[in-house]
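# Structural features, examined
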Amino acid sequence: MAMKNDSSVIEFTLMGLTDKPELQPPLFFLLLVNYVVTVMGNLSLINLICLNSHLHTPMYFFLFNLSFIDLCYSFVIIPKMLMSFLSERNIISFAGCMTQLFFYCFFVSSECYVLTAMACDRYVAICKPLLYTVTMSRRFCSLLMSGSYIMGFACAMVLTEGTIRLIFCDSTIINHYMCDPFPLLQLSCSSTYASQLVVSIVAFKVIIASSLIIFLSYTLILFNVLHMSSSKGRSKAFSTCGSHIITVGLFYAFGMLTHVKPSSAGFVDQEKFFSVFYTNVVPMLNPLIYSLRNRDVKLAVKKTLKRITS
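This report concerns the structure included in the present document.

The next thing to look at is a nonpolar patch on the surface. Taken together, the side chains of Phe29, Leu30, Val33, Val37, Leu288 and Leu292 present a nonpolar region at the surface, about 560 Å² in accessible area. Locating Leu292 in the fold gives a position in helix H9 (residues 267–292).

Within the element layout of this structure, Ser109 appears in helix H3 (residues 94–127). By relative accessible area, Ser109 is classed as buried at 6%. Not counting residues within four places of it along the chain, the set of residues in contact with Ser109 comprises Gly152, Cys155 and Val206.

Right, let's talk about the pairing of strand E2 (residues 90–93) for a bit. Judged by which residues are buried, E2 turns out to be one-sided: Asn90 and Ile92 face inward and are buried, whereas Ile91 and Ser93, on the alternate face, are not. The sheet contact formed by strand E1 (residues 11–14) and E2 spans four bridges and is antiparallel. Looking across to E2, one finds that Thr13 is bridged to Ile91.

Let's shift gears to the packing of helix H2 (residues 58–86) against helix H5 (residues 138–164). Relative to each other, H2 and H5 sit at 20 degrees, their axes nearing to 10 Å. By the angle class used here, H2 and H5 are roughly parallel. The hand of the H2/H5 crossing is right-handed. Here Pro58, Phe61, Phe62, Asn65, Phe68 and Ile69 of H2 lie close against H5, whose contacting residues are Cys141, Ser142, Leu144, Met145 and Tyr149. Per-class residue counts for the contact of H2 with H5 are nine nonpolar, two polar and no charged.

One pass over the full model with this rule turns up 18 aromatic pairs. Relative to Tyr252, the ring of Phe251 has its centre 5.5 Å away and its plane inclined at 85 degrees; by these criteria the two rings are edge-to-face. Like Phe251, the residue Tyr252 is buried in the burial classification. Members of the aromatic cluster, each reached through a chain of ring pairs, are Phe102, Phe103, Phe106, Phe107, Tyr149 and Phe153.

Its place among the elements puts Thr279 in helix H9. Only 2.9 Å separates the side chain of Thr279 from the side chain of Tyr177, close enough to count as a polar contact. Not counting chain neighbours up to four residues away, the residues in contact with Thr279 comprise Tyr73, Ile77, Tyr104, Tyr177 and Met178.

The sheet contact formed by E1 and strand E3 (residues 173–174) spans two bridges and is parallel. Among the inter-strand pairings, Leu14 is bridged to a residue of E3, identified as Ile174.

Glancing now at the state of the cysteines. A full pass over the atoms with the stated rule returns one disulfide. The disulfide partner of Cys97 is Cys179, and the S-S distance across this bridge is 2.0 Å. In this structure, the disulfide formed by Cys97 and Cys179 twists by about -125 degrees around the S-S bond and is classed as left-handed. Here Cys97, found in helix H3, pairs with Cys179, found in the loop between E3 and helix H6 (181–187); they are 82 residues apart in sequence, far enough to count as distant. With a relative accessible area of 0%, Cys97 lands in the buried category. Given a relative accessible area of 1%, Cys179 falls into the buried group.

Thresholds applied
Residues numbered from 1 in each chain as written. Predicted model: local features only at pLDDT ≥ 70, side-chain atom pairs only at ≥ 80, totals over all residues. Heavy atoms only, no water. Patch = residues over 30% accessible without salt bridge, like charges linked within 9 Å, V, L, I, M, F, W, Y side chains within 5 Å. Areas by Shrake-Rupley, 256 points an atom, 1.4 Å probe, with all protein chains shown as cover. Salt bridge = Lys/Arg side-chain N within 4 Å of Asp/Glu carboxyl O. Helix = DSSP H or I, 4+ residues; strand = E, 2+ residues; numbered from the N terminus. Buried < 20%, exposed > 50% of the residue type's maximum accessible area, 1.4 Å probe, protein only. Contact = heavy atoms within 4.5 Å. Pairing = 2+ DSSP bridges. Axes fitted to C-alpha atoms, helices over the stretch in contact; angles between N-to-C directions. Parallel < 35°, antiparallel > 145°, perpendicular 65-115°, else oblique. Left-handed = near helix turned anticlockwise from the far one by under 90°. Nonpolar A, V, L, I, M, F, W, Y, C, P; charged D, E, K, R; others polar. Phe/Tyr/Trp six-rings, centres within 6.5 Å; stacked < 30°, edge-to-face > 60°. Polar contact = N/O pair within 3.5 Å; in protein donor to acceptor, adjacent residues only side chain to side chain. Disulfide = S-S within 2.5 Å.

Treat this as a map of the structure, not an account of what it does.
Okay, here's the thing in structure tokens:
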């Protein structure tokens, strides 16, 4: 993918999260804490899964990949975002902008597919427990993850290639803290009809397809759980799904609030506000959600600490 377009633009200026000086120091501190917690939380969960053999199961294999994506996602977005609070002009080169756009789209799309794979895993575990070991074999899980990354890569390539082909003229100020497809489309002085159509189709395919599979999986799970005779079995089924439902709810809710656009002109600041939760807060919360609600992870923490201290 060549980082070259038909316009003479060689760099963009990112406006950042806010232009109000009084808000910048507290926001910088909060986002720095958010970044540290995100990196430490996801790295800790990745290490726990690697070091504890009782976590070498399909569920934790998918969780490992989710934490890996969230970790990479934070590296793509947050450092440049923090720079906007420290420099007068937060400049990003054209190649740097397209690179950030590519990896942003790649990790967001891949996370959608990983969350979908996790929903399918929970469906097989609860609705087809006797077939779980055979169905969710190591080979099948690896194929699911490979497919998630390949489809994420394809979506990112299509969106980035479409953006590179746009022509940018006099205005090079992006009203955002990152290179998001929609602010870049608004900045173009060429026709954006084809690019907007491509963005809409890709977003529709990724979001609708994955959310439908997740919804269908949990509908079948709910139907199966309601027909269980044992209250203990129902409780166990709901507890194993609870963390994933919270993660999916946060990811899709803030994603929709960020990218579903009303006609109001003042929506840009609101979009940036919601996107902070989508790009910064959700990757931080995911390891906390899975750790606090999960006995296996708590046991792994105790074992690891005992190993370190002994």
